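Here is what each chain is made of, one letter per residue.
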Amino acid sequence: MSGDGLIVVDKPGGMTSHDVVARIRRLARTRRVGHGGTLDPMATGVLVIGVGRATRLLTYVIGAGKSYTATVRLGQATVTDDAEGDVIATTAAGQLTDEAVRAAFAALAGEVDQVPSAVSAIKVNGQRAYKRVREGESVELPARRVTISRLDVLAVRRDTPDVLDVDIDVTCSSGTYIRAIARDAGLALGVGGHLTALRRTAVGGFRLAEAATLEQLEQRAPEVVNLPLDAAADRFFPRREAGADEAKVLSHGGPLDAAGIAGPYAVFGPDGGLIAIVSERDGRARAEIVLAPA
């Protein structure tokens, strides 16, 4: 069986994130596998997978910032705000200037109140929004505050009559919908827009350059983990060293004296092994999760 740790996968198009988890379960020969942030089936790129005890780190991975490259088609709106949905409106976009297109995207950057795509996994009265839409309901989701720290237009292409294809590079907070950026740019320009390609290039500090394809993981199964638990925590969190007595207290869920480190952070024992993820409050460092072996 594969050890505890994280795998940075380059997800192929046409698979759900759950499909990738199912494949990794088979390769790693364990059921204890999860992912750190859903990618739509059409999307490719960085999908962080947790195996064994490292699945408990995924709640932090899900909340990390993310980066993407994407292509937005202006001139067509779809029911899903991406290429998987039916086109519901077309408006010729060929007259738009590059300057107007760049200005529309620039206006979407910063701290913004973004309305998620109606075809999303957000629950409405206990049921996924996308399920309600596919059953014919009209779904309106409330806006959510997100941060789009970088939104660069890489190219404006005029390869097809009456539509523009805009390549963008985005860095944003967790919970940002790139499909919604496509929709909102199209609305601002009065021509409609939808996403035709999406590739996630980073999740927190995990980048595409270190991602393995499923084919590569197949070749080295069952040893598929490329970031063992201790190394993964060291990559993702600030580090604190604990003495032998502190390690014993913390491994049993007890608090330590505060060290003045902005949390959450990882605490390692004298042997270099990960003990817990902790945060400080009221002058004490308290475990959020204990990861030391039982």
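About the thresholds
- Residues numbered from 1 in each chain as written.
- Predicted model: local features only at pLDDT ≥ 70, side-chain atom pairs only at ≥ 80, totals over all residues.
- Heavy atoms only, no water.
- Buried < 20%, exposed > 50% of the residue type's maximum accessible area, 1.4 Å probe, protein only.
- Helix = DSSP H or I, 4+ residues; strand = E, 2+ residues; numbered from the N terminus.
- Pairing = 2+ DSSP bridges.
- Contact = heavy atoms within 4.5 Å.
- Axes fitted to C-alpha atoms, helices over the stretch in contact; angles between N-to-C directions.
- Polar contact = N/O pair within 3.5 Å; in protein donor to acceptor, adjacent residues only side chain to side chain.
- Lys, Arg positive; Asp, Glu negative; His and termini not counted.
- Salt bridge = Lys/Arg side-chain N within 4 Å of Asp/Glu carboxyl O.

Once that is clear, we can look at the pairing of strand 1 (residues 5–11). Successive side chains on a regular strand alternate, one facing one side of the sheet and the next facing the other. Across the 7 residues of strand 1, 7 count as buried, placing the element largely inside the fold. On strand 1, burial covers both faces: G5, I7, V9 and K11 on one face and L6, V8 and D10 on the other are all buried.

What follows deals with the sheet that holds strand 19 (residues 284–290). Taken together, the 5 strands give an open sheet; going across it, the order is 15-17-18-19-16, and neighbouring strands pair in mixed fashion. Two strands close off the open sheet at either side, each with one partner strand: strand 15 (239–241) and strand 16 (256–257). Pairing geometry for strand 15 and strand 17 (residues 265–268), over 3 bridges, is parallel. Looking across to strand 17, one finds that R239 is bridged to A266. Its contacts with the sheet place helix 7 (residues 229–236) against strand 15, strand 17 and strand 18 (274–281), and it is angled at close to 135 degrees to strand 17.

Further remarks concern the side chain of D81. Tracing the backbone through its elements, the reader meets D81 in the loop between strand 5 (76–78) and strand 6 (87–90). Looking at D81, the relative accessible area reads 8%, which means it is buried. Polar contacts involving the side chain of D81 include one to the side chain of S117, which spans 3.2 Å.

Take K66: it is sitting in strand 4 (residues 66–74). The side chain of K66 sits in the buried core without any salt bridge; D40 is the nearest counter-charge, 13 Å away. A polar atom in the side chain of K66 sits 2.9 Å from the backbone oxygen of A64. Apart from residues lying up to four places away in sequence, K66 is in contact with V61, V170, T171, C172, S174, R200, A202 and V203.

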